[in-house]
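Structural characterization, general
Letter by letter, the chains look like this.
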Amino acid sequence: MDINDADDEEFGFTRNYFLSKELGSSGKKSTHKLSDINPVDEQELREAIANIEPKHESEIASLMNSYRSLYSKCGFSLLMYGFGSKKALIEDFASATLTEYGVLVINGYLQSINLKQMLIALAELLWDQLKTQRRTPSGNSSKVQQPFNSRSVDDLLAFLDGPQVEGDECLVCVVIHNIDGPGLRDLETQQYLARIAACSHICVVASIDHVNAPLWMPVNNLYTICRERFLVSSQVTLNSHLTEFKDHELVKIRRHSDGQDCLYIPLATEALEKLILEISQ
């Protein structure tokens, strides 16, 4: 047999082999349709989930009991973080220790959060406590009884921080599950949450769930810090500076799985601490 004939035969065999594989994989199409899928009944699914045996039940109960022993030592305000859901722990803490106060629960993990409605609800809770304890000065009663939904955000904050009572007899506790939720991450909302927490008649019990919260929360406050120190006069100027910093690799950016941009300074922790110390002096 001629060598060239052998090469042609080998080439033909190889070509036919891969061609058959290609036809076998792409030429055969599935006849299944989405409409053929038989979805599981919701009630059946709930029953199946209910029958799943929980894992580490005794360890979780022991951990919860160890936390309960610390309830009496906890002060206000509280910020809880760590792996896993903190919802059950926070709600247990609220039901065990906050029974003497008005409590407002905010599910921060929901996208639709109305900040003014939150302030109105807090003001109404505080007003109910003031009426119960009969501590409202008579001279301010007409102003206080003005409908809260007609007040501005600044007026509501002033009421929550006002000198209506002496001491800590009247407190309203706002419980925020996921204070770093998607509807609360913007700069303006974070600033208002900080102002709420600083009010004399408000205490906050909240949880942080986002894994990159320590990265993006300081960046959200960057504009406020720069404005207070007259480094920039507008958000546009700050953005232009950040663009320049990124071009020179003084600041880098990471894209999280949820689409949020996280800015960070690519320096070691020791170098950052030294730099902050020098700036503060």
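You'll find the structure just up there.
What comes next is a walk through the structure. (Residues numbered from 1 in each chain as written. Predicted model: local features only at pLDDT ≥ 70, side-chain atom pairs only at ≥ 80, totals over all residues. Heavy atoms only, no water.)

1. Remarks on the overall build of the chain
Note the threshold: By definition, any uninterrupted DSSP run of H or I lasting at least four residues is a helix, any uninterrupted run of E lasting at least two residues is a strand, and each is numbered from the N terminus. Burial classes follow relative accessibility: with a 1.4 Å probe on protein chains only, a residue under 20% of its type's maximum area counts as buried, one over 50% as exposed, and anything between as partly exposed. Contacts: residue pairs with any heavy atoms within 4.5 Å of one another. The accessible surface values rely on the Shrake-Rupley method and a 1.4 Å probe; as for residues, cover is taken only from the protein chains in view.
Helix and strand counts for the chain stand at 12 helices and six strands. Relative to its full complement of 281 residues, the chain shows a buried share of 28%. Contacts spanning at least 24 positions in sequence make up 69% of the contacts within the chain whose residues lie at least 6 apart. With an accessible surface of roughly 19800 Å², the chain has 54% of that area assigned to carbon and sulfur atoms.

2. A short note on a nonpolar patch on the surface
Selection rule: Like-charged residues within 9 Å of one another, or nonpolar side chains (Val, Leu, Ile, Met, Phe, Trp, Tyr) within 5 Å, are grouped into patches, provided each residue has over 30% relative accessible area and no salt bridge. Criterion for a salt bridge: a side-chain nitrogen of Lys or Arg within 4 Å of a carboxyl oxygen of Asp or Glu.
Nonpolar side chains collect at one region of the surface, where V40, L45, I49 and I52 lie side by side and expose about 400 Å² of accessible area between them. Structurally, the position occupied by L45 is in helix α2 (residues 42-50). The exposure class of L45 is partly exposed, given its relative accessible area of 45%.

3. A look at the sheet that holds strand β4 (residues 202-207)
Going by this rule: Only strands that DSSP links by at least two bridges are regarded as paired with each other. Angles shown run from 0 to 180 degrees and are taken between the N-to-C directions of axes, each axis being a line fitted to C-alpha atoms and, for helices, limited to the stretch in contact.
With parallel pairing, four strands are arranged side by side in an open sheet as β1-β4-β3-β2. Lying at the two open borders of the sheet, with one neighbouring strand each, are β1 (78-80) and β2 (102-107). For this sheet, the mean inter-axis angle between neighbouring strands, taken without regard to orientation, is 15 degrees. Here β1 runs beside β4; their pairing, made up of three bridges, is parallel. Bridge pairing in β4 links L79 to A206. Across the sheet, helix α4 (residues 87-97) lies against β1, β2, β3 (172-177) and β4, angled at about 170 degrees from β3, the strand it touches most.

4. Considering the environment of Q111
With respect to the helices and strands, the residue Q111 is situated in the loop between β2 and α5 (115-133). Separated by 71 residues in the primary sequence, Q111 and P182 place their C-alpha atoms 5.8 Å from one another. With residues near it in sequence (within four places) discarded, Q111 still touches P182 and G183.

5. Points about the packing of helix α7 (residues 153-160) against helix α8 (residues 187-198)
The condition that has to hold: Angular relationships are summarised with four words: roughly parallel below 35 degrees, roughly antiparallel beyond 145, roughly perpendicular across 65 to 115, and oblique for the angles in between. If you view the pair so one helix is near and one far, a crossing is left-handed when the near helix is turned anticlockwise from the far one by less than a right angle, and right-handed when it is turned clockwise.
Put simply, α7 and α8 touch, their axes get as near as 9 Å, and they point 25 degrees apart. Taken together, the axes of α7 and α8 are roughly parallel relative to one another. With respect to the hand of their crossing, α7 and α8 are arranged in right-handed fashion. Here V153, D154 and L157 of α7 lie close against α8, whose contacting residues are Y192, R195 and I196.

6. Let's talk about the pattern of salt bridges
Here the structure, examined in full by the defined rule, presents five salt bridges. In this structure, the salt-bridge partner of D209 is K86, at a minimum N-O distance of 2.8 Å. One end of the pair, D209, is in the loop between β4 and α9 (213-220); the other, K86, is in the loop between β1 and α4, and 123 residues separate them in sequence. With relative accessibility at 40%, the residue D209 sits in the partly exposed group. Among the residues examined, K86 registers a relative accessible area of 7% and is labelled buried. A salt bridge links D154 to R195; its shortest N-O distance comes to 3.4 Å. Highlighted residues: D154 in helix α7 and R195 in helix α8, separated in sequence by 41 residues.

Honestly, it's all geometry; don't read function into it.
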